[in-house]
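# Structure at a glance
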Amino acid sequence: MPVKSYKKYVSLFGFVAPAFVLYAVFLLIPTIGGMYYSFTDWNGLNRSYEFIGFGNFAEALSEDPDFIGSLWFTLKYVLFMIVLQNVFALALAVFIESRRRSKGFFRTVFFMPNMISTIISAFMWTFVFAQVLPQLAEKTAIAFLDQAWIGDPNVSFYSILIVSLWNGVGYMMIIYLAGLQGVPQSLKEAALIDGATPLQTFRNVTLPMITHAITICFFLTLNGAFKVFEVVYGLTGGGPGRSTQVITMNIYEEAFSNNFRYGYASAKSVILFVIILIFTFIQIRVMKKREVEA
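Residues numbered from 1 in each chain as written. Predicted model: local features only at pLDDT ≥ 70, side-chain atom pairs only at ≥ 80, totals over all residues. Heavy atoms only, no water.

Per an unreviewed UniProt entry, the protein chain goes by the name Sugar ABC transporter permease and belongs to Paenibacillus arenilitoris. Turning to the protein chain, the UniProt annotation filed under Subcellular location (unreviewed entry) states: "Cell membrane". (UniProt positions renumbered as here; feature names shortened; annotations may be inferred.)

Here you go:
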């Protein structure tokens, strides 16, 4: 290998090494360790533990109704988030892109909630649900606002959705805006000249051209929804009872809150990882087939 090429690779490695070390220490090694401990009965404290094979996985999938309940609740949350977050984000992006003026103002306004920490947003909305809306219902006689937004199991799910959408739509909106700005104006003008309505132009010209952005947004929404924790923890704490407990909260409770069954919690984490991997693979395969090169 020539000396110049050798020095080039050494310099490149020098730039990459710090990031790789941090990645390995804080993500790669803990991930591998968690997978190993998922086959043990380690409690996270003692040095001694026993290797029990797939016992933790069998227990989680067949003998743990709380985990199964949290799994179904998470799947329900994921489904609603994928649809609602992308529909609202795309609608806002189309609205902003159609504005001749004040685009920057609307981008800032709708993106601002994303700049607030999710847990802070949850605490803010807890105050809104518990104090502001009941008072507003009393002043305006709008009975619908006077709900047990957090205390009623039938309503708390929608409260979680409201906060999640308020906090996350702005980020997806920016991605869709980038996709919309990449659609050639000449194609839309040609469609309109040929007699297409604005709705037909959007469906047949704009939408196929932004499939890359849709794929990215679906991927981010899917992964974020499966790993949701802060908004549920700050808003309902998984309650009332366990009616709004998501998988991540169930894992956290198993490992650190009550039982200190670190190996069992690691097995649940591996199950969550496999579920996310399967859904992500399916989503990317389906969306990639629909992508159109601009």
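From this point, the discussion proceeds with the structure in view.
### Digging into the packing of aromatic side chains
Summed over the entire model, instances satisfying the criterion amount to 25 aromatic pairs. Ring centres of Y37 and Y49 lie 5.7 Å apart, and the angle between their planes is 80°; on these two criteria the pair is classed as edge-to-face. Taken together, the residues span a long stretch of sequence, with Y37 in helix α1 (residues 3–37) and Y49 in the loop between α1 and α2 (55–62) at a distance of twelve residues. The exposure class of Y49 is partly exposed, given its relative accessible area of 32%. (Phe/Tyr/Trp six-rings, centres within 6.5 Å; stacked < 30°, edge-to-face > 60°. Helix = DSSP H or I, 4+ residues; strand = E, 2+ residues; numbered from the N terminus. Buried < 20%, exposed > 50% of the residue type's maximum accessible area, 1.4 Å probe, protein only.)

### Thoughts on unusual backbone geometry
Note that the residue after G239, namely P240, is joined by a cis bond; omega there is 0°. Here P240 is to be found in the loop between α10 (230–235) and α11 (247–257). Despite not being glycine, S102 has its phi angle at roughly 60°, a positive value. Take S102: it is sitting in the loop between α3 (65–97) and α4 (103–111).

### Examining the packing of α3 against helix α6 (residues 153–181)
Running from N to C, α3 and α6 point in directions that differ by 45°, and their axes come no closer than 6 Å. Between α3 and α6, the angle falls in the class oblique. Note on packing geometry: the crossing formed by α3 with α6 is right-handed. Considering only residue class, the contact of α3 with α6 consists of 22 nonpolar, five polar and two charged. (Axes fitted to C-alpha atoms, helices over the stretch in contact; angles between N-to-C directions. Parallel < 35°, antiparallel > 145°, perpendicular 65-115°, else oblique. Left-handed = near helix turned anticlockwise from the far one by under 90°. Nonpolar A, V, L, I, M, F, W, Y, C, P; charged D, E, K, R; others polar.)

### Quick look at the layout of surface pockets
Taken as a whole, the largest pocket encloses approximately 910 Å³ of empty space. T31, S269, V270, L272 and F273 are, among the 24 residues lining the largest pocket, the residues nearest its centre. Counting only elements with at least two residues in the lining of the largest pocket, the list comes to α1, α11 and α12 (262–290). Take the lining of the largest pocket: its biggest share by element is nine residues, from α12. When grouped by side-chain class, the residues that make up the lining of the largest pocket number 17 nonpolar, six polar and one charged. (1 Å grid on protein atoms, 1.4 Å probe; cavity = no way out; pocket = protein on both sides within 12 Å on 5 of 7 lines; lining within 4 Å. Points joined across faces, edges and corners; volume = space filled by probe spheres on them.)

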